[in-house]
Amino acid sequence: MLTLAIDTSLPILSVAVTREGQQLASAAVEGKNSRNEKLLVIVDWLLGEAGVALHDLELLAVTRGPGSFTGVRVALATVLGMSLALRRPVCAMSTHEAIASAMEGETLIYGDAGRGEFYVSAFRGREELLPASLLTRSELDEKSAAFPSSISVDEALRTSNVALLLAVHATRIAASGQLAAYADQTPIYVRLAEAEARLLKKGI
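Residues numbered from 1 in each chain as written. Predicted model: local features only at pLDDT ≥ 70, side-chain atom pairs only at ≥ 80, totals over all residues. Heavy atoms only, no water.

Q: Quick one: what's the story with the overall build of the protein, residue by residue and with numbers?
A: Looking only at helices and strands, the protein features seven helices and nine strands. Relative to the globule expectation of 17 Å for 204 residues, the C-alpha radius of gyration of the protein, 17 Å, shows essentially globular dimensions. Based on the C-alpha atoms only, the size of the protein along its principal axes is roughly 50 × 40 × 30 Å. Counting only residues that meet the buried cut, the protein has 48% of its 204 residues in that class. (Helix = DSSP H or I, 4+ residues; strand = E, 2+ residues; numbered from the N terminus. Rg over C-alpha atoms; globule rule 2.2 N^0.38 Å. Buried < 20%, exposed > 50% of the residue type's maximum accessible area, 1.4 Å probe, protein only.)

As structure tokens, this is what we get:
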């Protein structure tokens, strides 16, 4: 199965192309402030590097957060557009599940959410043990003690291409006939955006 995977939920934008779970091409670049401008250029370049055409793709995979609100929307909108144009299935999953897919056993995944808080999830393989939550540092430390292993998003970005992890995991999911369980493309924001929070505070 020829798969294109995209993650723009994190500070490092990553894209990967795989065939039967084997890497054909991948890239990871700083994308914090320029995801829109870079994403399609990178996709086009990687497809060329992999020697495949857009219409050759059989599966599209995308992360849906938690992470950058803007980044999550960019990737989901891009993949949805490609899916409609190409009539290809989409495997959409938590960014944390993509990272946890490379870990053994029960794993806690956490990332900086700003304001002294952290986005936190936990998985055992594909099983979500702790849904994406917003925790303080003390709450995170307490929660981490309950799990045999944990990894920060920053560490994952230093050691892995998240889109490549996503592509491999999505290919396994498709091969096992479980794509229907990953059809939800709703962003995982965990908390309200700044503008929404201000409106809620004003009672609007």
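Q: Lay out the packing of aromatic side chains with the relevant residues and their values.
A: Inspection of the entire model under this criterion finds two aromatic pairs. Ring geometry for Tyr110 versus Phe118: centroids 6.3 Å apart, planes at 75°, classification edge-to-face. (Phe/Tyr/Trp six-rings, centres within 6.5 Å; stacked < 30°, edge-to-face > 60°.)

Q: I'd love a proper account of unusual backbone geometry, names of residues and values included.
A: Each neighbour pair has its own omega, and for Gly65 with Pro66 the value is 5°, a cis peptide bond. Among the structural elements, Pro66 can be located in the loop between β4 (59–63) and α2 (69–86). One non-glycine residue with positive phi stands out, namely Glu20, at about 55°. With respect to the element layout, Glu20 can be found in the loop between β2 (12–19) and β3 (22–30).

Q: Just give me the short version of the side chain of Thr3, but keep the residues and values in it.
A: For Thr3, the location among the structural elements is in strand β1 (residues 2–7). Classification of Thr3 as buried rests on a relative accessible area of 0%. Here Thr171 takes part through its side chain, which lies 3.3 Å from a polar atom of the side chain of Thr3. Setting aside anything within four residues of it in sequence, one finds Thr3 in contact with Ala16, Val17, Thr18, Leu57, Leu59, Ala61, Ala167 and Thr171. (Polar contact = N/O pair within 3.5 Å; in protein donor to acceptor, adjacent residues only side chain to side chain. Contact = heavy atoms within 4.5 Å.)

Q: How would you explain the sheet that holds strand β8 (residues 127–136) if you had to name every residue and give the values?
A: Pairing is mixed in the open sheet, where four strands are placed in the order β8-β7-β6-β9. A single partner strand is all that each edge strand has here, and the edge strands are β8 and β9 (149–152). Geometrically, the sheet is characterised by an average inter-axis angle of 20° between neighbouring strands, direction not taken into account. Here strand β7 (residues 117–124) runs beside β8; their pairing, made up of seven bridges, is antiparallel. By the bridge assignment, Arg124 is partnered in β8 with Glu127. The strands touched by helix α4 (residues 137–144) within the sheet are β6 (106–114), β7 and β8, with β8 carrying the most contacts at an inclination of about 150°. (Pairing = 2+ DSSP bridges. Axes fitted to C-alpha atoms, helices over the stretch in contact; angles between N-to-C directions.)

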